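# Working through the structure, step by step
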Amino acid sequence: MRSIAFSGLAFMLSACSTSEILPPRAAAPAEEAPLASQTVTGLPAQRLQPGQCGVFLFETRDPNAFVLFEDEAEGVVQILHFGQVYTIRLAAQGAPFLSGEPFNREYRAADAGLIFTVDGLVGLQTSSGQRLTDVVLTALQPDGTRIVRPLGGVRRCQGG
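Residues numbered from 1 in each chain as written. Predicted model: local features only at pLDDT ≥ 70, side-chain atom pairs only at ≥ 80, totals over all residues. Heavy atoms only, no water.

Under the definition given, this model contains one disulfide. The residue that forms a disulfide with Cys53 is Cys157, at a sulfur-sulfur distance of 1.9 Å. An S-S torsion of about 110° defines the bridge between Cys53 and Cys157 as right-handed. With Cys53 in strand S3 (residues 53-59) and Cys157 in strand S10 (residues 146-157), this pair connects stretches of sequence that are 104 residues apart. (Disulfide = S-S within 2.5 Å. Helix = DSSP H or I, 4+ residues; strand = E, 2+ residues; numbered from the N terminus.)

Written out as C-alpha cells, the structure reads:
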C-alpha cells in the first residue's frame, strides 16, 4: 500500500517537472451523461506563463486528484470540493514561501458559505518546484462541519 502511495507521489512530482502541470490521472467526463449529473474528479492541467508562479496541490490518497491551483499572477485560486470547482479571488496572503517554514492560506467562497484553509510546510527546492509537504486542506461548511483532506504538491515559478 505504501509503495502505491509513493509511486503516485513520484508520478505527481515527475509531472511537475515540465512547464505544464498535469494531474496524475485526468479522468475524462462521460460524454453521454447529462451535464447536470457530471461531477468533476480533478482540476484540469495548468500551464504557467513565463514569469508566473503557482501552487499545485494534489490529494495524497488514490486517485491523487489535482484539487487546488493558486495562480499568483491572476490572483485567483481554484479548489475542487465535493465534485465542484470553486474559483475564488485571492486576498492578501501570508509570508513568502521559505524552505523549512510553515505556510498557510485562507480562501473564502462567500456565495457558498465555505471557508477553505491550507496549512503545510515548505520543503526543499527541486527541479519540479518548491515542495509543499504535510499539507492539510480544511473546508469549513456552512453548518460548522469541517472536512479535512491531506494534500501535497509544489509551488512552481516558470522562468521567463
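Next comes the rest of the write-up.
This part covers the confidence of the model for the protein chain. Across the protein chain, the average pLDDT comes to 80, with 74% of residues at 70 or higher. Mean pLDDT across the secondary structure elements of the protein chain bottoms out at helix H1 (residues 2-15), with 41, and peaks at strand S9 (residues 129-140), with 97. Confidence drops under a pLDDT of 50 for residues 1-37, and excluding neighbours within four residues, the segment shows 51 contacts in the predicted structure. (pLDDT = per-residue confidence, 0-100. Contact = heavy atoms within 4.5 Å.)

Quick look at the packing of aromatic side chains now. Enumeration according to the criterion identifies five aromatic pairs in this entry. On the numbers, 4.9 Å between centres and 45° between planes, the contact of Phe56 with Phe69 is tilted. Of this pair, Phe56 sits in strand S3 while Phe69 sits in strand S4 (residues 66-71), placing them 13 residues apart in sequence. You'll find Phe56 and Phe69 in the same group, each marked buried. (Phe/Tyr/Trp six-rings, centres within 6.5 Å; stacked < 30°, edge-to-face > 60°. Buried < 20%, exposed > 50% of the residue type's maximum accessible area, 1.4 Å probe, protein only.)

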